[in-house]
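The chain contents come next:
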Amino acid sequence: MKRSLEWRYLLLQNPLTLAALVVFILVVLCAIFAPWLTPYDPFASDTANSLQAPSAAHWFGTDQLGRDMFSRVLMGTRMDLGIAIAAVFLAAAIGTFLGACAGFYGGYVDTAVGRGVDIIMAFPLFVLAMAIVAALGNSVANVVYASAIINMPFYVRVVRSEILVLKGAGFVEAARLCGNSNSRILWSQLLPNVSAPLVVQMSLNMGWSMLNAASLSFVGLGIRPPSPEWGIMVAEGAQYIISGQWWVALFPGLALTLVVLCFNLLGDGLRDIIDPRRRT
Amino acid sequence: MNRLLKIEQLTKHFPLSRPQNVLQRWAKLPHKSSHLYAVDDVSFTLDRGESLGLVGESGCGKSTLVRLVTRLLDPSSGHIIFNDRHIGDVPANEFALHPERAKIQQIFQDPTDSLNPRFTAFDCIADPLRQLAKLHGEALQTRVEKIAEQVSLPLTLLNRYPHQLSGGQKLRVGIARGIALQPALLILDEPTSALDVSVQAVILKLLDKLRRELNLSYLFVSHDLNVVRLLCDRVMVMYLGKVVETGPVEEIFQRPRHPYTKALLAAVSHYDAGGQVQRIRLQGELPSPVDPDANTCRFYGRCPIREKRCMEKMPELETSGDHRAACHLMQD
Amino acid sequence: MNTNVLLQVQDLSVAFATRHGQVAVLDKVNLTLHKGETLAIVGESGSGKSVTSFAALGILDPAGKVTHGRVIFDGRNLLDLPPAEMRKLRGRELAMIFQNPRSALNPIRKVGHQIEDVLTAHNSLSHPLTRKEKKAAAIAQLEAVKITDPARRYNAYPYELSGGMCQRVMIAIALACKPRLLIADEPTTGLDVTTQVVIMDLIQELAAANNMATLLITHDLGLAADYCSRVAVMHAGQVLEDAPVASLFRAARHPYTARLMAATPQPGITLERLAFIPGQLPDLREAQPPCRFSSRCDRYRPECNAPGLTLVSRPENASHLIACRNPL
């Protein structure tokens, strides 16, 4: 009741966040309903109509095999968004667990988790992701795992530092007197208090994780053609730019930019809304 | 027997230096261990239904003593005998499962900090009942509502979050949580220090009423002597980990014997006393509680009446009588 | 006009713009402080006692606006002064110390240097001090606030000092330029009782030595009684009673003051006789009646809320002011 009013108030005060939220919802709807929205079959090649410029029939033009670019970009939303969401949730789940244990129990647990995170962070993260996919094999699942692993350290750090501050609070001591065990205090008393910064981190991470998946396919790792995926589409289109067929690379690239920008704006906005200290 | 709690020679030393690591041991570096003497050889008793005030300034060890008694901290040595059971030997992290856990409860100093911001008032009060009394559903609901009534917390506030409550209301939630399990011993850690006087008066009356209705024993920690005087039967004054004076509350207020107690009482303002009262002022700062000299009175550096013998032999708390103090130079 | 008056707050009203609309935090506050006098503003949290001093010093939060009134310091209206003038006045003529001194000090600079900062900022025009002179002045200042071994403490960082010691440093900084008015906002809250009296003694002593007026803002009636000559009692942004200490504590005339005194634990008052004040502070977002205490007052009569309620002298004592139509 009162809470929802507050949200509405805050969203109206941040028009950029509101716009990002609207775009985000549209993108999600596109992803869900893509198969019913595409005017053409995104896999059907029509060599007679290859490399057509954008027109009323083909809004984004066609590619070298005559496939409709609009349909492919729309279907690509599904793939890229799916990978990003899966990777972010996986990273958040593992990272939260490790970070919470490290912050709460300290000692050897903290040292072990801390060094593990340091090792991951010592690699150039994209190179690490490439290595993981190369080693595990090209598949959608492996792209998700690679993305999750390189994202995880951020969650570990956020959650660990939040828990470190919170565990000194009076209500933790009170919970102990109420007969809560250590693990109960951690998971049912402390963790709900970490959810706000966690949500912000996830939303900021989503765009990055999406770029990551697209970059992997761009360099030829991960998703294979003919799957409609923005990274591959940009890679395929890149060779036609020089001969003047700019639309093949441009539209998937634009879609990627738009969605990543929207996630970043949403993340920044959420941080301002959730964290009252930054609110002015 | 009427005795609820007996504390015998309770001591808590915190080690300040970490144990040497492999490299330091290999290099045979000299290792000196120093300790912070938070609570040093404290003994006292508390009867059923009695209210004991614990008075002292910040850093005197009263918070540590409270955490020892609530069994959140393990003592270095000494005994805690509660209900004729030695509970000081149970490790703190296992005490959550001990049958006496429900019998020792606490009301915390900062009502905001001690309530989980993500729990409603109902959840805060229900937490101990869920964990230790294993109440659920309908039974839990009726119990929480009954307790809320006991502390005069309007039932409409039960589904609010702490940030939607005023300071006095938050404190009532904390008190409700403290008495939910019908404890025998309730520890009150400066409960009203964050409140305005107009609210404080209501809360003090509530606490007094609850003590009589539920036959609770209070260990009331405060730096406000005027509040202690209202609510306590006996007072214990601590200075730097040691008990320096203890006795019935009016005795202490009328005839303080230890110079520190005198200074403490002199610092309290009495606006109806008429005109300025002569005040004893303590010079200097609280000395460090790290590795203090075992033979020097802890109060020596700031004592207005110190003598040479005060740094040659540590004064011990008298062993007999109601009103006891630890000073070589007391005038009786 | 009386030339002995140092600070006069006249009909000061302040409103804060919040997301719930305008909040009238101060309502026609009137205060008079004579040279060398010690005045206490006493009130519970939310009574507007700190806002009064912030508004007077021109350091209100940007959301706050003075909607009405004047603050006359030494013949000049501070609210009309350009910001640059005001900055010069603050620190040199008007100084302030706060609750929680540790957070008011810069944690990564030596306390000696922080005292020198004030000296540099306010003495550069007439005759610039050399570095040596500044250091000597800073050490003298530390000595004046009775810090033992001032030459050594000059090099200390705030974290090395206790709370009482930090408050002494704050006093040293505030008094470095020998101001004529010191505003002390809850200077001893959070300190131990024995430290509290030592700090208050120090403020009192330095004020007397420098003929400095002190405005003590506190929630502690006892502290006000012990250290001030006059007390103004505030509630919900209004001054309800303003009287010399002896007159106020002997016979408070305003029902709120009387209640407040009866609610404060004192020797001789038993728990049964301890009073409390019914109700809560009124919600200032809503329009308020002329007497903002009327909804909590047991002596309320319909004529209490007729317009035009002001502080007036008591017939028996001209210096005892009270804003009540049905006084005790």
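Every chain's residues receive numbers from 1 upward, in the order its sequence appears when written. Following the order in which they are written, the chains are lettered starting with A and the ligands numbered starting with 1. Per-residue local features are limited, in this predicted model, to residues with pLDDT of at least 70; the limit for side-chain atom pairs, both in listing and counting, is 80 or more; totals at the level of whole chains, interfaces and linings are taken over all residues.

### Description of the nonpolar core
The cut-off we apply is this: By definition, a nonpolar core groups buried Ala, Val, Leu, Ile, Met, Phe, Trp, Tyr and Cys residues that connect through C-beta atoms lying within 7 Å of each other. Around each residue's C-beta, the other C-beta atoms within 10 Å are counted; 20 or more make the residue buried, 12 or fewer make it exposed, and counts in between make it partly exposed. All C-beta atoms are placed from the backbone. Put simply, DSSP H or I for four residues or longer makes a helix, DSSP E for two residues or longer makes a strand, and each gets a number counted from the N terminus. By definition, residue pairs are in contact when their C-beta atoms, positioned from the backbone, come within 7 Å.
Core analysis: the largest hydrophobic core is formed by 268 residues, its most contacted members being Ile-125, Ala-176, Leu-219 and Phe-220 of chain B together with Ala-224 of chain C. In terms of residues, this core owes the most to one element, helix α3 (residues 69-105) of chain A, which gives 18 residues. Excluding anything up to four places from it in sequence, Ala-176 of chain B contacts Ile-125, Ile-147, Ala-148, Val-151 and Leu-153 of chain B.

### Section: the environment of Ala-196 of chain A
By the secondary structure assignment, Ala-196 of chain A is in helix α8 (residues 182-218). Judged by the 17 C-beta atoms lying within 10 Å of it, Ala-196 of chain A falls in the partly exposed class.

### So, helix α3 (residues 121-131) of chain B
Of all 11 residues that make up α3 of chain B, nine are buried, and the element is covered over most of its length. Taken residue by residue, α3 of chain B has Ala-121, Phe-122, Cys-124, Ile-125, Ala-126, Asp-127, Pro-128, Leu-129 and Gln-131 of chain B as its buried positions. Looking at the buried positions of α3 of chain B, the neighbouring elements they touch are α7 (170-177) of chain A together with α4 (137-150) and α5 (167-179) of chain B.

### Some points on the arrangement of the chains
Ranking by contact count across two pairs of chains in contact places chains B and C at the top. No interface is formed between chain A and chain C, the nearest pair of C-alpha atoms being 9 Å apart.

### Concerning the sheet that holds strand β2 (residues 35-47) of chain B
All names here are of chain B. The criterion, for reference: Whether two strands pair comes down to DSSP finding at least two bridges between them. Between N-to-C directions, angles cover 0 to 180 degrees, with each direction set by a line fitted to C-alpha atoms, over the stretch in contact for helices.
Reading across from one edge, β2-β1-β4-β5 is the order of the four strands in this open sheet, with antiparallel pairing throughout. Looking at strand neighbours, the two that pair on one side only are β2 and β5 (85-86), the edges of this open sheet. Here helix α2 (residues 62-69) sits on the sheet and contacts β1 (3-15), β2 and β4 (77-82); the angle it forms with β2, its principal contact strand, is near 60 degrees.

### Some points on helix α7 (residues 163-174) of chain C
All names here are of chain C. Quick reminder of the rule: What a helix should span is 1.5 Å times the count of its residues minus one.
Taking 1.5 Å as the rise per residue, α7 with 12 residues should run 16 Å; its terminal C-alpha atoms sit 16 Å apart, in good agreement. Within α7, 10 of the 12 residues are buried, which leaves it mostly tucked inside the rest of the structure. By the burial criterion, the buried members of α7 are Met-165, Cys-166, Gln-167, Arg-168, Val-169, Met-170, Ile-171, Ala-172, Ile-173 and Ala-174.

### Side note on the environment of Pro-162 of chain B
Residue and element names in this part refer to chain B. Within the secondary structure, Pro-162 is located in the loop between α4 and α5. When the C-alpha positions of Pro-162 and Thr-120 are compared, they lie 6.7 Å apart, and in sequence the two are 42 residues distant. Once you skip the residues sitting within four places of it in the chain, Pro-162 turns out to touch Thr-112, Leu-115, Pro-117 and Lys-170.

### Examining the pairing of strand β12 (residues 317-322) of chain C
Residue and element names in this part refer to chain C. Here strand β10 (residues 238-244) pairs with β12 via two bridges, running antiparallel. In the strand pairing of β12, Glu-241 is matched with Ile-322. Sheet topology note: the strand β11 (residues 312-314)/β12 ladder contains three bridges and is antiparallel. In the sheet register, Ser-313 faces β12, and the bridge partner there is Leu-321.

### As for the interface of chain B and chain A
Going by this rule: Just so you know the grouping, Ala, Val, Leu, Ile, Met, Phe, Trp, Tyr, Cys and Pro go in nonpolar, Asp, Glu, Lys and Arg go in charged, and all remaining residues, Gly too, go in polar.
Listed by partner, the interface residues are 20 residues for chain B and 16 residues for chain A. The set of elements that each furnish at least two residues to the side of chain B that touches chain A consists of β6 (104-107) and α3 of chain B. The leading source of residues in the side of chain B that touches chain A is α3 of chain B, at three residues. Of the residues that constitute the side of chain B that touches chain A, the class distribution is seven nonpolar, seven polar and six charged.

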